[in-house]
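Notes for the structure review
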Amino acid sequence: FMAIHNQRGQQAEELAQAYLLQRGYQIRATNWRYKRAEVDIIAQLNNQTVAFVEVRSRKHLQYGHPEETLSPRKKALLAMAAEAWITQTGFIGQIQFDIISITILPHLPPHAWPLKHLPDAFWFYVVATE
């Protein structure tokens, strides 16, 4: 079961990357880790803006939409990872936290799964440290 779950999650992340690339984003990193935090996709929108993208996927909506499953703790971990990435890369500019929500429909091929992009989905005060 876990293997299929991981495979579907991987397919959802690949779908999200393709979606972002089609819309002019550049993928700077995928599955970027810092301590206990992981950012699914770090994508640059333009010279000024980098999006830290969390990909959420669900097989059914009975427990709510995938984008509603992001806990305050997970948001804080994403913000911590974003700070670390900014510090390590020396990036100067705007950042945003995006969610890409994908509903996995096993009877359809991945490219047909419903995808919802929520740019600037939540706000977090991030300070780049020296």
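The sections below set out a description of the structure shown in this document.

Rules behind the numbers
Residues numbered from 1 in each chain as written. Predicted model: local features only at pLDDT ≥ 70, side-chain atom pairs only at ≥ 80, totals over all residues. Heavy atoms only, no water. Helix = DSSP H or I, 4+ residues; strand = E, 2+ residues; numbered from the N terminus. Contact = heavy atoms within 4.5 Å. Areas by Shrake-Rupley, 256 points an atom, 1.4 Å probe, with all protein chains shown as cover. Salt bridge = Lys/Arg side-chain N within 4 Å of Asp/Glu carboxyl O. Buried < 20%, exposed > 50% of the residue type's maximum accessible area, 1.4 Å probe, protein only.

The next point concerns the overall build of the chain. Helices and strands together make up the secondary structure of the chain, namely two helices and five strands. Its helices and strands taken in sequence order, the chain reads α-β-β-β-α-β-β from the N to the C terminus. Restricting the contact set of the chain to residue pairs at least 6 apart, pairs at least 24 apart contribute 58%. Surface exposure of the chain reaches about 7,600 Å², of which carbon and sulfur atoms provide 51%.

On to the pattern of salt bridges. Inspection of every chain in the model, using the stated rule, returns three salt bridges. Between glutamate 38 and arginine 33 there is a salt bridge, with the nearest N and O atoms lying 3.3 Å from each other. A salt bridge links arginine 56 to glutamate 54; its shortest N-O distance comes to 2.8 Å. Taken as a pair, arginine 56 and glutamate 54 share a single burial class, namely buried. When salt bridges with common partners are traced through the structure, they connect Glu54, Arg56 and Lys74 into a single cluster.

Time to look at unusual backbone geometry. Its identity as a non-glycine residue notwithstanding, lysine 35 has a phi of 50°, on the positive side. Its place among the elements puts lysine 35 in the loop between strand E1 (26–34) and strand E2 (37–44). Owing to a relative accessible area of 62%, lysine 35 belongs among the exposed residues under this scheme. Even without a glycine there, the phi angle at aspartate 120 is positive, about 55°. By the secondary structure assignment, aspartate 120 is in strand E5 (residues 115–122).

All quantities given are derived from atomic positions and should not be read as evidence of function.
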